[in-house]
Amino acid sequence: MAHLLMVESWVGAMSRLLPRAIREGGHTFTFLTRDLHHYLRSAPEGTAHPLLGARNVLTADTNDLETLLPYAERLHAALGFDGVLTSCDYYLPTVARIAGRLGLPGPAPEAVENACRKDTTRRVLADAGVPGPRFAVCADRAEAAAAAAAIGYPLVLKPVDLCAGMYVRRVDDEGELTRAYRALDGFPVNARGQRRAPVVLLEELLHGPEVSVETVTFDDSTQVIGVTDKSIGGAPAFIETGHMFPAALPAADTAAAEDTAVQAIKALGLDDVVAHTEIKLTPDGPRLVEVNPRPAGNRITELIRHVTGVDMAAACVDVALGQRPDLRVRDTGLRSAAIGFLVPGTAGVLEAVDGGDLVRKAPGVLELQLAEPGRAVKEAGSNNAYLGHVMAGDAEGPGARRRVEALLAELHPRVVNR
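These numbers were taken from a predicted model, which means no experiment stands behind them.

A. Region of interest: the sheet that holds strand β5 (residues 135-138). Read from one edge to the other, the open sheet built from 4 strands follows the order β5-β8-β6-β7, with strand pairing classed as antiparallel. Each edge of the open sheet is held by one strand with a lone partner, namely β5 and β7 (169-171). The average undirected angle you get between the axes of adjacent strands in this sheet is 25 degrees. Two elements, strand β6 (residues 155-159) and strand β8 (residues 200-204), share 5 bridges in a ladder whose sense is antiparallel. If you follow L157 over to β8, its bridge partner there is L202.

B. Spotlight on the packing of aromatic side chains. Counted by the stated rule, this structure contains 4 aromatic pairs. Aromatic side chains F341 and Y386 sit 4.2 Å apart centroid to centroid with 10 degrees between the ring planes, which places their arrangement in the stacked category. Of this pair, F341 sits in strand β14 (residues 336-341) while Y386 sits in the loop between β17 (376-377) and β18 (388-394), and the two are 45 residues apart along the sequence.

C. Up close: the pairing of strand β11 (residues 239-245). Burial analysis of β11 places 6 of its 7 residues in the buried class, the great majority of the element. Pairing geometry for strand β10 (residues 221-233) and β11, over 5 bridges, is antiparallel. Paired with I232 across the strands is E240, a residue of β11. Following β10, the chain reverses through 5 residues before pairing antiparallel with β11; G234 in that reversal takes a positive phi of roughly 80 degrees. Across 4 bridges, the pairing between β11 and β14 is antiparallel. Bridged to M244 within β14 is A338.

D. Quick look at the UniProt feature "domain: ATP-grasp" (unreviewed entry) in the chain. Using the residue numbers shown here, the UniProt feature "domain: ATP-grasp" (unreviewed entry) corresponds to residues 122-321. The distance from the first to the last C-alpha atom of residues 122-321 is 30 Å, and the span holds 33% helix and 32% strand.

E. Expanded view of unusual backbone geometry. Put simply, Y153 and P154 share a cis peptide bond, and its omega is -5 degrees. The residue P154 is located in the loop between α7 (141-151) and β6 in this model. A cis amide bond links F245 with the next residue in sequence, P246, at an omega value of -5 degrees. Take P246: it is sitting in the loop between β11 and α9 (251-268). A positive phi angle, near 55 degrees, is found at N298, a position not held by glycine. Its place among the elements puts N298 in the loop between β13 (285-292) and α10 (300-308). A positive phi angle, close to 65 degrees, is found at R299, a residue other than glycine. Mapped onto the secondary structure, R299 falls in the loop between β13 and α10. Residue classification places R299 among the buried residues on the basis of a relative accessible area of 18%.

F. Molecular detail of the nonpolar core. Counting residues in hydrophobic clusters, the biggest one holds 41 residues, and the most contacted among them are L4, M6, F29, V216 and V317. Among the elements that line this core, the one with the most residues is helix α11 (residues 312-320), at 7 residues. Among all residues touching M6, those that are not within four sequence positions of it are L18, P19, I22, F29, T30, F31, L32, L51 and L85. L92, A96, A247 and A257 belong to the second largest nonpolar core, which has 23 residues in total.

G. Region of the structure containing the domain arrangement of the chain. Structurally, the chain comprises domain 1 (3-104), domain 2 (133-204), domain 3 (207-332) and domain 4 (335-417). For domain 2 versus domain 4, the distance between C-alpha centres works out to 30 Å. Contacts between the two partners involve 4 residues from domain 2 and, on the opposite side, 4 residues from domain 4. Across the interface of domain 2 and domain 4, roughly 280 Å² is buried in total on both sides, 43% from carbon and sulfur atoms. The largest share of the area that domain 2 buries against domain 4 comes from A164, M166 and R169, three residues that together contribute 90% of it. The tally of links from domain 2 across to domain 4 stands at 0 salt bridges. Inspection of the region where domain 2 meets domain 4 yields 0 residue pairs in polar contact (both at pLDDT 80 or more). For the side of domain 2 that touches domain 4, a count of residues per class yields 2 nonpolar, 1 polar and 1 charged.

Here is what the cut-offs are and how they apply
Residues numbered from 1 in each chain as written. Predicted model: local features only at pLDDT ≥ 70, side-chain atom pairs only at ≥ 80, totals over all residues. Heavy atoms only, no water. Pairing = 2+ DSSP bridges. Helix = DSSP H or I, 4+ residues; strand = E, 2+ residues; numbered from the N terminus. Axes fitted to C-alpha atoms, helices over the stretch in contact; angles between N-to-C directions. Phe/Tyr/Trp six-rings, centres within 6.5 Å; stacked < 30°, edge-to-face > 60°. Buried < 20%, exposed > 50% of the residue type's maximum accessible area, 1.4 Å probe, protein only. UniProt positions renumbered as here; feature names shortened; annotations may be inferred. Core = buried A, V, L, I, M, F, W, Y, C linked by side-chain atoms within 4.5 Å. Contact = heavy atoms within 4.5 Å. Domains from an automatic or database assignment. Buried area = accessible area lost by both parts, 1.4 Å probe. Salt bridge = Lys/Arg side-chain N within 4 Å of Asp/Glu carboxyl O. Polar contact = N/O pair within 3.5 Å; in protein donor to acceptor, adjacent residues only side chain to side chain. Nonpolar A, V, L, I, M, F, W, Y, C, P; charged D, E, K, R; others polar.

Written out as structure tokens, the structure reads:
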């Protein structure tokens, strides 16, 4: 039985999937956080949060690396860890630094830091010849306006160090660029108390379907698990409204996406990671959007498990322990699985989601999760505002997405102003 140190986590699906994978692997973990209430607030009423299943729950300033590293050394001396991991993007570089300090398995810290900064990723991949959009890194609004004129509208404005699509916006002219910049200026500190980098990334707007390539890199070899498709809504934001695994693509497009992802992972120097690499399939070929050195979110890992039997959360645990993960594909009886998200259209208070009972009883449904009545609803501006999701599978072929879209159409949120 191994003992892992988990440094922070997302509060969504992965906060449940990683503890489950650790437990099912016969291991245990110590959970380290700067704010335990951040997690307790996210637990469903009347239940304990899965992270409280840890052998130890400890608090420390996980944002202060200078004091955290020696503290982790003292913990390691007392408790003995076999690996370090997190599911939260904001702490992936921290975990890599701790693993290196303790002599435990893990990717090179510099590689993780480069992958977690969108501007650095762009520069590294451009130098390596990995295809991506034209871009500019801008320190202020005047510099952004000049860069936008040089690249040409429409553009995408991105913060370089936020997640879940937060404040990523399409901008079609200088007025929209100014408004997007001002909105981002009003969010100087992320949800974990970390100050944002004072730069933005401007990119040319890429056209074509977006996919993600799910991979596991171990011992300098990357294995592609598959390609997931993505649907986007909420313009001018880029909100993920659904996914299907595997993506229904021509074989040539699948191969091109996979090859681009493997090139990007190699160029960044990532090893011993589960990765989720996003790619646009443009008329001019695949273009790299970003590389995330952690398992996919939005329950894509569960789509993969339903179709292939491969457990990406378990692979994440194995890699953190320096063990080769089991990536053998098994016959699950499903050829495709899809998820669709219920995205709010108006702000207010959720009174109910009508249609849930009907959808829950529909054939092929794998999951249905709906927000509880009374929840405050904001107009969706990122992937953090969903009111629920439905997941379904198809045993015959790539029909899971159509099934999910039909089921989503049966769900009707009632949001009222109070």
